[in-house]
Structure formats: structure tokens, C-alpha cells
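Descriptive structure summary
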Amino acid sequence: MDIRERIVRRVGRELKDGDYVNLGIGMPTMVANYVPAGIDITLHSENGMLGVGPYPLESEVDPDLINAGKETVTETPGCCYFNSAESFAMVRGGHIDVTVLGALQVDEEGNLANWMIPGKMVKGMGGAMDLVAGARRVIVAMEHTTKEGGHKIVKRCSLPFTGLRVVAMIVTELAVIDVTPGGLVLREVAADSTVDKVKAATGAHLIVSSKNATLE
């Protein structure tokens, strides 16, 4: 499988039956395709939809039915619609169990930077700041390094913050890392990688768990 599929498949295993889940734009939206069998979740979209279904077949496309990333989607039974104010009241009220977001940087304290790079075009932060402040659990799904091989997991974010001490888990193609009060704990390493390779690709201190497992 490609690295994006590896990442989102692993994130899917973190979802629990009955969870209300918000998936960020980009790679996180793919998590919806990898929810384990027997696990029933409800997907929330900031633009005002609760009960987002999978991507439609060509014959099912409804141009008026889109998610927050402007992608066409389908409905699940019981799906409901509401305005943005009500949608963000759900987020700010702590009713979202899990949000999965991409990141530009995550640091040792679980601080997140994912909405802008100074000097480059800013499209806006979307609902990210509300989601990381309101969701009960924040999972970051991202490639471990930049395209140039630079660190994205760092000692301290140098890019503008989205939220402070909000990230609970980081899932990359190389590893699964828990953010704990004591620091970043390496829980799983990909079968085609090693602890040393993960450490070299990480710009922050990693605590290697004694129960280290293989990322599948």
C-alpha cells in the first residue's frame, strides 16, 4: 500500500463504536474508507452536515451535497443538516469525540501548527482552531517529514500555532507516536523502518516504549 493509505488505515483503528468524528481536509478525509468492520461512527462536517457518507459513485453525484473540503459526498441514514453556527456549537461544545487533522509541525508538548507558512498564500485556517480546542481527542495524520526531508515533528513549533497542547497522537508512515505529559512516546514503528530511522527523521526527543509494536 502507499504511505497515505498506511497512515489513514492506522488512524481508522483508533476510532471507537459510537464516536462522532470530524476529518480534516486532505489526507484525513481518506480515514472514512478505513473504519474497521463492526465500528459505527458518525462523521461531522463543519459546513453543516452530521452523517456524512462515503464518496459517491459517478451515478450518485449530487453537486449540492459536499463536505467542508468541497468534495461531493453521500448521506448516511439519519443524516441531518444545519447552519455553520450550529455546526461550530457542536465543536465548541465538546460534542466531537475525535478530530483527525494534517499538520505542518507538531512539537514535544503537543502544540500544533497547520494553517499557514509566513510569506506564502494563506487560504485561511478553516475550522482547525475550533476543532483542536473543542474535540475530545486530536489525532494528527501526516507524512513524517517535509518533501525536502525536513523535520515536521520538532522540539518547538516555529510556525504560527493552531492550538497549544492539543495533539494526543501522531500517525505517520514511519511510526505511531503518543503525546504524553512526559514527552513523545514511540509506540509503533513501521515494518520497513527502524527505531533509529524514526529518530533520525524526528527533530524532537523520542521516548521508546518498552512495548514497542509494529505499525501495520
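For the structure itself, look to the data block above.
Here is a short report on the structure shown in this document.

The rules behind the values
- Residues numbered from 1 in each chain as written.
- Predicted model: local features only at pLDDT ≥ 70, side-chain atom pairs only at ≥ 80, totals over all residues.
- Heavy atoms only, no water.
- Pairing = 2+ DSSP bridges.
- Helix = DSSP H or I, 4+ residues; strand = E, 2+ residues; numbered from the N terminus.
- Axes fitted to C-alpha atoms, helices over the stretch in contact; angles between N-to-C directions.
- Contact = heavy atoms within 4.5 Å.

Strand pairs in the sheet, formed through backbone hydrogen bonds, run parallel or antiparallel to each other. Taken in spatial order, the ten strands of this open sheet run β4-β3-β2-β1-β5-β8-β10-β11-β12-β13, and their pairing is mixed. For this open sheet the edge positions go to β4 (75-81) and β13 (206-215), each flanked by a neighbour on one side alone. Looking at each pair of strands side by side, their axes are set apart by 25° on average, direction ignored. Where strand β3 (residues 49-52) meets β4, three bridges bridge the pair, whose relative direction is antiparallel. Bridged to Leu50 within β4 is Cys80.

Moving on, we come to the pairing of strand β2 (residues 42-45). As judged from the three bridges shared by strand β1 (residues 20-23) and β2, these two strands associate in the parallel manner. Note on β2: the bridge partner recorded for Val21 is Leu43. Alignment of β2 against β3, held across two bridges, turns out to be antiparallel. Paired with His44 across the bridge in β3 is Leu50.

As for its placement among the helices and strands, Thr202 is situated in the loop between α4 (195-200) and β13. Once the C-alpha coordinates of Thr202 and Lys155 are considered, the two residues, 47 residues apart in sequence, prove to be 9.2 Å apart. Sequence-distant contacts of Thr202, that is, excluding residues within four places in its chain, are made with His144, His151 and Ile153.

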